[in-house]
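Notes for the structure review
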Amino acid sequence: MASKQKYTRLESEIERHRSEANWAKAVETAQLLATKNQGLALFVNLILGESKLEEYLLENEPIECNITKAKTQLGEGETYLQFVTQQDNKHYVEASLLQAKIHYCKGMYQSAIDVYNRVKLDEIKESQVTSSRLLCILAGSHAIKGLCLEKIGPSTTSKFKQVDLEDRIIECFEKAGDLALSYLQDVDNSATDIELGVILETAIQQSPLLHMKRGDISKGVARLRDLLRTIESRFTQGLRLTLARQLAEVLLRGINEKKYVPMGIEEIAKTKHQKYRKYSGEKLFVPENENEESLLLLLIAEAIATREAVLNRTEEYHDARLHSLQNATAVYDLLAIALVKRAQFNKLSDSFERAMRFSFEEFHIWHQFANSLLCARKYNRALLVLKECLRLQPNNCVVLLQVAKLCYEYLYQYDTGIELMEKAVEENTDHSLTARMYVALGVGYSLKALEMKLQAERQTLQKKALEAFVRAHTLDPNDYLALFHLALQLAIHRQINDAMKYVRLALRYHSDHIHSLHLMVLLLSAQKQYEEAICLMRAALDEYPNNLSLMLTKSKLEEIVHGPNQALDTCKHMLKLWKDLYETDTTDSTTESRSRNLTATDRSVFDKKSFAQLQLTELNDRDTGSMKAESVAASRMERTLSEVASSYNSNFQPRPGSQQTLQIQAQIWLHLAELYLSVNKLSEAEGCVTETSVIFPLSYHVAYIKGRLNEHKQKYEEARVCYENALSINPGHRKSLQHLGMVLHTLGNDRMAEKVLRDAVNIDPIAHESWFNLGLVLESLGHAEPASDCHLKALELEATSPIVPFTVIPRLLH
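Note that this is a predicted model, so its numbers are computed, not measured.

Let us now look at the overall build of the protein chain. The helix and strand tally for the protein chain stands at 38 helices and zero strands. Across the 814 residues in the protein chain, those meeting the buried criterion constitute 54%. Sequence separation of at least 24 residues holds for 67% of the intrachain contacts in the protein chain that already meet a minimum separation of 6. By element, 51% of the accessible surface of the protein chain is carried by carbon and sulfur atoms, the whole surface being about 37,800 Å².

It is the contact of helix H22 (residues 480-492) with helix H23 (residues 496-509), at a shortest axis distance of 8 Å, that shows an interaxial angle of 160°. Classified by the angle their axes make, H22 and H23 are roughly antiparallel. As for how H22 packs across H23, the hand of that crossing is left-handed. Packed against H22, whose contacting residues are Tyr-480, Leu-483, Phe-484, Leu-486, Ala-487, Leu-490 and Ala-491, the element H23 presents Ile-496, Asp-498, Ala-499, Tyr-502, Val-503, Leu-505, Ala-506 and Tyr-509 at the interface.

Our next topic: the confidence of the model for the protein chain. Chain-level statistics for the protein chain give a pLDDT mean of 84 and a share of 86% at 70 or above. Per-residue pLDDT stays below 50 along residues 623-627; that stretch engages in 24 contacts with residues further than four places along the chain or on separate chains.

In a structure, side chains of opposite charge can pair up when their charged atoms sit close to one another. In this structure the tally under the stated criterion is 38 salt bridges. Across the pair Lys-145 and Asp-122 runs a salt bridge whose closest N-O atoms are separated by 2.9 Å. Of the two residues, Lys-145 sits in helix H8 (residues 132-152) while Asp-122 sits in the loop between helix H7 (109-118) and H8, which places them 23 residues apart along the sequence. You can call Asp-122 partly exposed: its relative accessible area is 41%. Where Glu-686 meets Lys-713, a salt bridge forms, and the shortest distance between an N and an O atom there is 2.2 Å.

This part takes up the packing of aromatic side chains. Using the criterion set out here, one finds six aromatic pairs in the structure. Consider the rings of Tyr-379 and Tyr-410, whose centres lie 4.2 Å apart with planes at 15°: the pair is stacked. Here Tyr-379 is found in helix H17 (residues 379-392), whereas its partner Tyr-410 is found in helix H18 (residues 397-411), with 31 residues between them in sequence. Using a relative accessible area of 31% as the deciding quantity, one classes Tyr-410 as partly exposed. An aromatic cluster of at least three residues, connected via ring pairs, comprises Tyr-332, Phe-352 and Phe-358.

Okay, the side chain of Ser-141 next. Within the element layout of this structure, Ser-141 appears in helix H8. Polar side-chain contacts of Ser-141 include one of 2.8 Å to the backbone oxygen of Ile-137. Ignoring any residue separated from it by four or fewer positions in sequence, one finds Ser-141 in contact with Leu-97, Tyr-116 and Leu-121.

Here we take up helix H11 (residues 217-228). Helix length check: H11 (twelve residues) gives 16 Å between terminal C-alpha atoms against 16 Å at 1.5 Å per residue, within 8%. Most of H11 sits inside the fold, with nine of its twelve residues counted as buried. Taken residue by residue, H11 has Gly-220, Val-221, Ala-222, Arg-223, Leu-224, Arg-225, Asp-226, Leu-227 and Leu-228 as its buried positions. Buried positions along H11 lie against helix H9 (159-186), helix H10 (198-213), helix H12 (237-253) and helix H13 (290-308).

This part is about unusual backbone geometry. One non-glycine residue with positive phi stands out, namely Lys-120, at about 55°. Along the chain, the position of Lys-120 falls in the loop between H7 and H8. One non-glycine residue with positive phi stands out, namely Arg-494, at about 65°.

What follows deals with a nonpolar patch on the surface. Taken together, the side chains of Phe-285, Leu-296 and Ile-300 define a hydrophobic patch exposed on the protein surface, amounting to about 260 Å² of accessible area. Of note, Leu-296 is situated in helix H13.

Rules of the game
Residues numbered from 1 in each chain as written. Predicted model: local features only at pLDDT ≥ 70, side-chain atom pairs only at ≥ 80, totals over all residues. Heavy atoms only, no water. Helix = DSSP H or I, 4+ residues; strand = E, 2+ residues; numbered from the N terminus. Buried < 20%, exposed > 50% of the residue type's maximum accessible area, 1.4 Å probe, protein only. Contact = heavy atoms within 4.5 Å. Areas by Shrake-Rupley, 256 points an atom, 1.4 Å probe, with all protein chains shown as cover. Axes fitted to C-alpha atoms, helices over the stretch in contact; angles between N-to-C directions. Parallel < 35°, antiparallel > 145°, perpendicular 65-115°, else oblique. Left-handed = near helix turned anticlockwise from the far one by under 90°. pLDDT = per-residue confidence, 0-100. Salt bridge = Lys/Arg side-chain N within 4 Å of Asp/Glu carboxyl O. Phe/Tyr/Trp six-rings, centres within 6.5 Å; stacked < 30°, edge-to-face > 60°. Polar contact = N/O pair within 3.5 Å; in protein donor to acceptor, adjacent residues only side chain to side chain. Expected span 1.5 Å × (residues − 1). Patch = residues over 30% accessible without salt bridge, like charges linked within 9 Å, V, L, I, M, F, W, Y side chains within 5 Å.

Below, the structure written as structure tokens:
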């Protein structure tokens with residue numbers, strides 16, 4: 001009796017080792033059992049054959065390229081199993097199923113099917129299963145049967161046979177998946193980590209995909225949803241990640257709003273053999289649309305990927321680390337698609353930041369992180385991350401251009417961008433993007449030139465910029481961007497005919513490039529061809545009807561060609577357009593209020609704000625001659641003054657809303673005020689100034705226009721104070737300098753007027769108004785010859801002056 005109990009204990013111990021996939025211990029215990037009782041030889045042979053098979057599979061995947069190896073290495077294991085299957089016994093079915101698995105590894109697919117038919121695999125019920133190991137074998141057998149049917153294919157070309165075969169394969173895979181999930185839930189308390197193996201994982205993942213392959217996406221989605229409702233065990237995390245990613249990808253790429261069927265808990269399709277435990281309906285959150293469901297799935301997958309990431313960087317963990325990184329990368333790429341569609345860039349950058357802990361030296365994740373930071377307007381951090389990308393791939397020209405664009409357009413770190421581009425063009429002489437890098441280098445030089453106080457330094461940099469653009473055009477004669485920048489640089493140098501030639505070429509290669517069209521209009525106006533310029537402007541506005549910068553130039557042209565009244569009509573239309581485009585932005589400006597509900601308009605709101613930022617770049621400081629650095633500093637000064645004023649006076653509160661869109665509105669009001677002054681409508685002009693003051697009461701633009709109003713009323717002392725206030729905020733504001741000089745001249749202070757106007761000339765030496773005013777003051781001082789030189793210079797510059805300065809066209813790298 002004691003001996004029998006001992007054998008039973010040893011058999012139980014073997015079953016435990018089998019369920020934990022501890023094959024060495026299982027064989028050791030089986031051999032010990034064989035020495036105690038010769039009557040258990042069948043069971044011992046089963047264990048030996050099984051261990052040979054499973055140990056082989058730990059090292060080798062059951063794929064076609066390993067068939068020869070399987071035939072060589074699985075012979076001994078098959079011999080053990082054949083010993084068991086030669087006679088009817090209680091281990092016969094189990095040994096036969098394992099034997100069929102060996103046939104599959106050897107590529108003997110029909111033999112495996114024959115074995116399954118012999119043991120009547122489809123009739124074996126889960127209730128007949130006596131151990132968790134047998135449950136795993138049974139699940140694997142259904143999976144292998146489905147895989148074998150796939151390999152063999154239909155016996156005829158009949159469509160009915162094909163459909164029938166597909167049905168049988170799907171049923172095999174679904175049975176395999178359901179049994180495998182039951183098995184994992186049964187062994188959840190096991191002390192050893194359990195892996196399903198590639199065969200079962202393939203079966204679980206393939207069943208929904210086969211439904212979709214047949215065109216029945218709804219069944220595939222229902223199957224994935226059902227699998228994801230499984231009560232998780234610690235062994236299903238990787239599988240849950242894969243399934244969540246699969247379903248999210250289907251929802252993002254294969255289902256639109258009209259085809260989406262919301263998740264109905266009671267209506268989800270169920271297979272008749274499901275025994276695994278699932279979350280009940282009342283405990284589930286049910287998404288309302290495909291975007292909500294896909295985002296939820298990806299956030300779940302991200303949480304799993306982050307938690308399961310392999311951090312150990314030793315060689316033995318290399319494959320596991322690579323596998324976990326590939327899974328995580330796939331999830332983050334899909335997450336990027338989902339969140340970018342909703343313009344949720346802050347959330348996306350937060351997700352990529354969590355990925356950093358397992359993304360050491362992984363360029364793709366770092367680059368995606370940088371892109372998300374750029375879209376979230378976290379420019380300083382984006383620069384740091386892009387520099388890390390350059391450390392990983394020093395000659396990646398896309399990243400080099402991104403860094404240059406970031407330095408030029410957002411951070412105003414011109415020296416950093418120039419230094420980077422100078423090095424890049426030296427090291428990438430034959431790259432396909434070398435021409436674009438020369439464009440970036442030229443843009444850097446031209447932007448830095450605007451910052452220079454000394455004329456000699458400015459001319460040196462302008463010459464370098466021109467040389468860089470010429471080099472870019474030489475490398476790629478068809479690059480419209482190189483042609484555009486070359487034309488713009490020539491226009492700034494007042495080489496109008498050459499600039500016209502190159503901008504026409506740019507438009508030949510990119511006929512709807514907005515900045516080339518704008519430049520063409522300004523070049524025509526510089527040649528005093530105002531009618532042609534206004535015709536082209538109308539055509540450009542047909543293409544870009546919402547572009548306020550084009551409209552502002554159009555109103556300037558109309559003022560000359562058709563008179564101020566038509567220009568006023570255009571300005572009024574601009575205000576109406578601003579209201580249509582941006583007014584909702586000023587009533588609901590907080591990020592928090594928009595992030596509460598991921599509505600379908602989120603991306604359009606972001607695109608509108610980006611468009612506002614671009615237009616602000618063009619509208620801000622139009623024909624003022626301000627240097628960018630001083631303009632940025634002035635904006636910061638205005639913000640600081642507003643904060644101080646609001647802290648001391650509770651009645652002084654900045655107007656709520658997006659500052660970008662409000663600045664655009666202010667620019668329109670100011671231009672409208674100047675137009676009213678030109679037709680002597682003082683009350684209307686004062687109304688415009690009042691409207692602008694409500695928006696930005698401490699803006700230097702407002703101080704300037706108040707000075708214009710006082711000057712028009714011949715209140716010169718008040719005008720002087722206004723202009724000086726404007727210059728105290730932005731010393732580089734050319735218009736304020738010009739008018740202050742003339743006010744001082746009117747007040748009889750010609751010495752100070754001369755100094756102010758020389759500052760205006762130094763800031764923008766090609767502004768003919770500054771030269772003309774300086775000539776008047778010098779003439780008043782009795783300096784006839786210098787005055788004459790100034791007037792001649794003014795005449796020379798005016799002959800090639802556009803309706804608004806060429807500098808209003810932004811120097812962009814796209």
